[in-house]
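# Coordinates in review
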Amino acid sequence: MEDRIPAKPLSTPRVRAVGQPRLTVGLDKNHRIALPRHLALHGPLPGLPPGALVALARAADQRGRGGAAFPFARKLLAVLASTRPGRPPVILVNVMEGEPGSEKDRMLTTRVPHLVLDGAELAATALGACEIVIGLAESSGAAIGSVEAAIKERHHSRHLPRTRVVSLPRRFVSGESGALVRGVNGEPALPPGRKRHATDSGVGGRPTLLSNAETFAQLAVLARLGLDAYSAVGTASEPGTILLTVGGAAGTFVVEAPAGTRLTTILGAARAVTTGPGVLVGGYHGTWLSPEVARTLEVSRAGLARAHGMLGAGVILAIPAATCPLGEMARVVRYLARESSGQCGPCWRGLPKIAQAATQLASGAGDRPSVDRMRQSAAWVRGRGACGHPDGTSRFVLSALEVFADDIEAHLANGTCGRGTLGALPIADEDTGPRLLVDWTRCDRHGLCGKVAPELVTLDHDGYPIIADSPIPARLKREAHRAVLRCPSLALRLGPPPHQIA
């Protein structure tokens, strides 16, 4: 059934299209596109043999839309090469979206689930898959219900193999391909610590075609339109449209736009502006762009590469002029450090050090050597991790240090840029869990806390502790308790976040 858009705001973000919509067609009048309306909008789904599907994906240069932009045709070929008699492959649709600012894939599965299932069915039929698995975060209740309803609506399909939904805990790293495969297989949904190719051995040890929801939805559109019609929009090297989650002062929108559209046009569609200190493209593993670069940028793989950026998971966040960009950066880096799976030194040791230095700089207690150390640490973790989390965090930090150079100078000279930190960038569960708090009437600058809990406490020039206003990671709770017990002046305590204080 189709539900007309209700008067109250939806839990899913608002949708906008630049030009003629494809993935989002019909969403201006319907909250959810049920199967009859879906078929009326898009027409019947063609069947394509393996060779034709590979050729079509290659000709359109279809890439994964979850962050890595891996060529989809190569994934298809890899699964075909690994498939053996009696060992059919599995289709795995990644809708985990651990990135706090990302909403596009959950929007697709909530509002146009049949487009995602169409793409999965195309691939499953061509590859002879035995199963389709949809991996969703446990917190995505609306999307889970919508996909399960869509599966029931499609019960008549002779081509759709067994299809099931698996819900897993949502974390930043849970959308990583190896983490999702482990979660579906009943293991912790964390990166495996070493590279494993799902195309060789994924769900249940079978060859697995894994890509995100938008990739499969784009595949369904491409198969219906054909190469020429699909390539009527976009660029010569990147045909078709792009789905983006765009956040700004007016809230979050999912925007569909042809590849090559100006960033300013996309921001305008989402009622965001480029008058702030910077625009983040690619999410928290992405790159900061200066307002000058943002005003001339074309959103495509080639356009972003020229700006030394990447589209990543398709998250674009514009922060307002009223917020301190260094404070926003510090909040995000603290969150990324907490989200480490703790499987390698660069994450376990390197990210907390970067977060500590970022907090020190934002609070006004940083100095030039600490900024240099933050830059060196961010460069050091790159390429050394067991997964891509350190690399993405490094990219985020290093680009921030470049784009916000004037703000850094202001903080070093004056302790502040004159702006407070408004919390403009979304952080998951930032305010839950106990903090390490200081009673400043008791603190005598002994400095012992910095020695007992060096990953939680740094000391300013006068010896006073600098402690991030963020929850204590589980692995550091013992250090926090020791610091409280050993404080000579009894100035430290564990306390709740500010909003929980009665």
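For the structure itself, look to the data block above.
Here goes a summary of the coordinates provided. (Residues numbered from 1 in each chain as written. Predicted model: local features only at pLDDT ≥ 70, side-chain atom pairs only at ≥ 80, totals over all residues. Heavy atoms only, no water.)

Our focus in this paragraph is the overall build of the protein chain. Looking only at helices and strands, the protein chain has 18 helices and 18 strands in total. The dimensions of the protein chain, computed from C-alpha atoms along their principal axes, are 75 × 45 × 45 Å. Of the contacts formed within the protein chain by residues at least 6 apart in sequence, a portion of 72% connects residues at least 24 apart. Accessible surface for the protein chain amounts to roughly 20700 Å². Of this, 53% is attributable to carbon and sulfur atoms. In the protein chain, the 58 positive side-chain charges and the 42 negative ones have mean positions that sit 4 Å from each other. (Helix = DSSP H or I, 4+ residues; strand = E, 2+ residues; numbered from the N terminus. Contact = heavy atoms within 4.5 Å. Areas by Shrake-Rupley, 256 points an atom, 1.4 Å probe, with all protein chains shown as cover. Lys, Arg positive; Asp, Glu negative; His and termini not counted. Charge placed at Lys NZ, Arg CZ, Asp CG, Glu CD.)

Quick look at the pattern of salt bridges now. Opposite charge on two side chains allows them to pair when their charged atoms are near. Scanning all chains against the criterion turns up 22 salt bridges. A salt bridge links R65 to E214; the shortest N-O distance between them is 3.0 Å. With R65 in the loop between α2 (50-59) and α3 (72-82) and E214 in helix α8 (residues 213-230), this residue pair connects regions lying 149 residues apart in the sequence. Classification of R65 by relative accessible area gives buried; the value is 13%. The exposure class of E214 is buried, given its relative accessible area of 1%. By sharing partners, the salt bridges in this structure join D61, R63, E238 and R301 into a single network. (Salt bridge = Lys/Arg side-chain N within 4 Å of Asp/Glu carboxyl O. Buried < 20%, exposed > 50% of the residue type's maximum accessible area, 1.4 Å probe, protein only.)

With that out of the way, let us pick up the nonpolar core. One finds L76, I91, V93, L108, I134, L209 and F216 to be the most contacted residues of the largest nonpolar core, which totals 51 residues. Broken down by secondary-structure element, the contributors of at least two residues to this core are α2, α3, β4 (90-95), α4 (104-111), α5 (113-127), β5 (131-137), α6 (141-153) and α8. Apart from the residues within four sequence positions on either side, F216 is in contact with F72, I91, L92, V93, L115, V116, G119, A120, A123, L209 and S211. Among the nonpolar cores identified, the runner-up in size contains 38 residues, and V333, L351, A358 and L401 belong to it. (Core = buried A, V, L, I, M, F, W, Y, C linked by side-chain atoms within 4.5 Å.)

In this section: the pairing of strand β9 (residues 251-258). Of all eight residues making up β9, six are buried, and the element is well covered by its neighbours. Pairing of strand β8 (residues 241-248) with β9 involves eight bridges; the strand directions are antiparallel. Of the residues in β9, the one forming a bridge with T245 is V254. The turn linking β8 back onto β9 is made up of two residues. (Pairing = 2+ DSSP bridges.)

Before going further, it helps to spend a moment on the packing of aromatic side chains. By the definition in use, this model includes seven aromatic pairs. Between the aromatic rings of W288 and F396, the centroid separation amounts to 5.9 Å while the plane-to-plane angle is 55°, which identifies the pairing as tilted. Of the two residues, W288 is situated in strand β12 (residues 287-289) and F396 in helix α15 (residues 389-403); the sequence distance between them amounts to 108 residues. You'll find W288 and F396 in the same group, each marked buried. Seen from their ring centres, W440 and Y464 are 6.2 Å apart, and the 65° between their planes marks the pair as edge-to-face. Here W440, found in the loop between β15 (435-438) and α17 (448-452), pairs with Y464, found in the loop between β16 (457-459) and β17 (465-467); they are 24 residues apart in sequence, far enough to count as distant. Among the aromatic side chains, those forming a connected cluster through ring pairs are F172, Y284, W288, Y335, F396 and F404. (Phe/Tyr/Trp six-rings, centres within 6.5 Å; stacked < 30°, edge-to-face > 60°.)

In a regular helix each residue adds 1.5 Å, so 19 residues correspond to 27 Å; helix α13 (residues 345-363) covers 27 Å between its end C-alpha atoms and thus fits that length. Taken as a whole, α13 carries its principal kink of about 25° at L351; the proline P352 stands between one and four residues after it. In the segment just after α13, G364 is the residue with positive phi, at about 95°. (Expected span 1.5 Å × (residues − 1). Bend = angle between axes of the 7 residues up to and from the residue.)

Ordered by their spatial adjacency, six strands build an open sheet running β2-β9-β8-β14-β11-β12, and the pairing between neighbours is mixed. A strand with exactly one partner marks an edge of an open sheet, and here the two such strands are β2 (14-17) and β12. Pairs of neighbouring strands in the sheet enclose a mean axial angle of 25°, with direction left out of account. Where strand β11 (residues 279-281) meets β12, three bridges bridge the pair, whose relative direction is antiparallel. Within β12, the residue paired with V281 across the bridge is T287. Contacts between α4 and the sheet are confined to β2, β8 and β9, with β8 contributing the most and set at about 115° to the helix. (Axes fitted to C-alpha atoms, helices over the stretch in contact; angles between N-to-C directions.)

Glancing now at the environment of A69. With respect to the helices and strands, the residue A69 is situated in the loop between α2 and α3. Sequence separation between A69 and G312 is 243 residues, and the spatial gap between their C-alpha atoms is 7.6 Å. Look past the residues within four positions of A69 in its chain and what remains in contact with it is R63, G64 and R301.

An ideal rise of 1.5 Å per residue puts 18 Å on 13 residues; α6 measures up with 18 Å between its terminal C-alpha atoms. Every buried residue belonging to α6 is among A143, I144, S146, V147, A150 and I151, and all of these are buried. For α6, the arc enclosing every buried residue in end-on projection is 165°, short of the 170-degree limit, so these residues lie on one face. Looking at the buried residues of α6, the elements they touch are β3 (30-32), α4, α5, β5 and β6 (162-168). (Arc of directions from axis to C-beta.)

Our next topic: the sheet that holds β5. Strands sit in the order β6-β5-β4-β7 across an open sheet of four strands; the sheet is parallel. Looking at which strands have only one partner, the edges of the open sheet turn out to be β6 and β7 (208-212). Pairwise comparison of adjacent strand axes, ignoring direction, gives a mean angle of 20° for this sheet. For β4 and β7, the ladder comprises five bridges, and the chain directions are parallel. Residue pairing in the sheet places V93 in a bridge with S211 of β7. This element, α4, spans β4, β5 and β7 of the sheet and lies at about 115° to β4. Contacting β4 and β7, α8 crosses the sheet at an angle of about 95° to β7.

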